[in-house]
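Chain by chain, the residues run as shown.
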Amino acid sequence: MPRKSSVPKTSTNSSFRNLKRQFGRRMVEALQKSPTLIDDIERIREAGVRIRLVDGPCRAYYDRKKRTIYIGRWCPRNYKLISIAHEFVHALVKPTVDPVPGKTGRQEFIDRCIEEETEAIVHEIEIVKELIKAGIPVDPKELEWLKRYRRGGRTAIRKALQKTITSTTGEDYPEYYGSWYDEIVPVSQRLP
């Protein structure tokens, strides 16, 4: 449920002007048809998180150290919109915390990360519903997440994520988060 923002209207207009320069008029017009996404953008700006386009393949990710959401320049417009919402969750709602060597187990870390990813997808589904309601076409992949959610809720999303490939590395999510754990936790301090 979108919260009532404390951001003055002029600040919101400034954010939209910046986004229009960055992403183009058509994307901002579509964005404005999603009240939840408008709120996400305001909260992103309030928190000082930046949104940047990057060259290369179509992908989106949040860089915690740089406090920046990166989205592939050549991604379709609606993918960019939905990616902002998805990465907003990673940046501000459920940020991933690194495992603590000797305290965090590998499976515990993977499970927590899958839960955070589930939260991000459930949030992007809200945006998908708003875009559909506004008559904006949505990518078939996003429609599949919506159908899955309608059939089985968060549980169905979480289950599907076990076999889903990340947009950044080409690994499935459990493998991706397991590799993250292995990079951070020295072998002598790893827990199952």
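Worth saying up front: this structure is predicted, and the values here are computed from it rather than measured. (Residues numbered from 1 in each chain as written. Predicted model: local features only at pLDDT ≥ 70, side-chain atom pairs only at ≥ 80, totals over all residues. Heavy atoms only, no water.)

J.: I'd like a description of the pairing of strand β2 (residues 60-63), backed by residues and values.
T.: Of the two faces of β2, only one is covered, namely that formed by Ala-60 and Tyr-62; the face formed by Tyr-61 and Asp-63 stays uncovered. Hairpin connection of β2 to strand β3 (residues 68-72): four residues between the antiparallel strands, including Arg-67 at a positive phi of 50 degrees. (Buried < 20%, exposed > 50% of the residue type's maximum accessible area, 1.4 Å probe, protein only. Helix = DSSP H or I, 4+ residues; strand = E, 2+ residues; numbered from the N terminus. Pairing = 2+ DSSP bridges.)

J.: Outline a positive patch on the surface, supporting the account with residue identities and numerical values.
T.: A contiguous patch of positive charge on the surface is contributed by Arg-50, Arg-52, Lys-66 and Arg-67. As for its position among the elements, Arg-50 is in strand β1 (residues 50-54). On the basis of relative accessible area, Arg-50 is assigned to the partly exposed category, the value being 36%. (Patch = residues over 30% accessible without salt bridge, like charges linked within 9 Å, V, L, I, M, F, W, Y side chains within 5 Å. Areas by Shrake-Rupley, 256 points an atom, 1.4 Å probe, with all protein chains shown as cover. Salt bridge = Lys/Arg side-chain N within 4 Å of Asp/Glu carboxyl O. Lys, Arg positive; Asp, Glu negative; His and termini not counted. Charge placed at Lys NZ, Arg CZ, Asp CG, Glu CD.)

J.: Tell me about the packing of aromatic side chains, residues and numbers included.
T.: Two aromatic rings are characterised by how far apart their centres lie and by the angle between their planes. Applying the stated criterion across every chain yields a total of seven aromatic pairs. Judged by centre distance (6.2 Å) and plane angle (40 degrees), the rings of Phe-109 and Tyr-181 are tilted. Within this pair, whereas Phe-109 is found in helix α5 (residues 106-133), its partner Tyr-181 is found in helix α7 (residues 173-184), the two being separated by 72 residues in sequence. Phe-109 gets classed as buried once you look at its relative accessible area, which sits at 0%. On the accessibility criterion, Tyr-181 (0% relative accessible area) is buried. Looking at Arg-148, its charged tip hangs above the ring of Trp-145, at a distance of 5.0 Å from the centre. (Phe/Tyr/Trp six-rings, centres within 6.5 Å; stacked < 30°, edge-to-face > 60°. Lys NZ or Arg CZ within 6 Å of the ring centre and 35° of its normal.)

J.: Describe the packing of α5 against α7, and please don't skip the residues or the numbers.
T.: At their nearest, the axes of α5 and α7 sit 9 Å apart, and the two run at 130 degrees to each other. By the criterion of interaxial angle, the relationship of α5 to α7 is oblique. When the axes of α5 and α7 are compared, the crossing they make is right-handed. Side by side, α5 and α7 meet where Arg-106, Phe-109, Ile-110, Cys-113, Ile-114 and Glu-117 of the first sit next to Tyr-173, Pro-174, Tyr-177, Gly-178, Ser-179, Trp-180, Tyr-181 and Asp-182 of the second. (Axes fitted to C-alpha atoms, helices over the stretch in contact; angles between N-to-C directions. Parallel < 35°, antiparallel > 145°, perpendicular 65-115°, else oblique. Left-handed = near helix turned anticlockwise from the far one by under 90°. Contact = heavy atoms within 4.5 Å.)

J.: Explain the side chain of Glu-124 to me, and be specific about the residues and the numbers.
T.: Relative to the assigned elements, Glu-124 resides in helix α5. The side chain of Glu-124 sits in the buried core without any salt bridge; Lys-141 is the nearest counter-charge, 5.9 Å away. Among residues more than four places away in sequence, those in contact with Glu-124 are Ile-82, Ala-85, His-86, Glu-142 and Trp-145.

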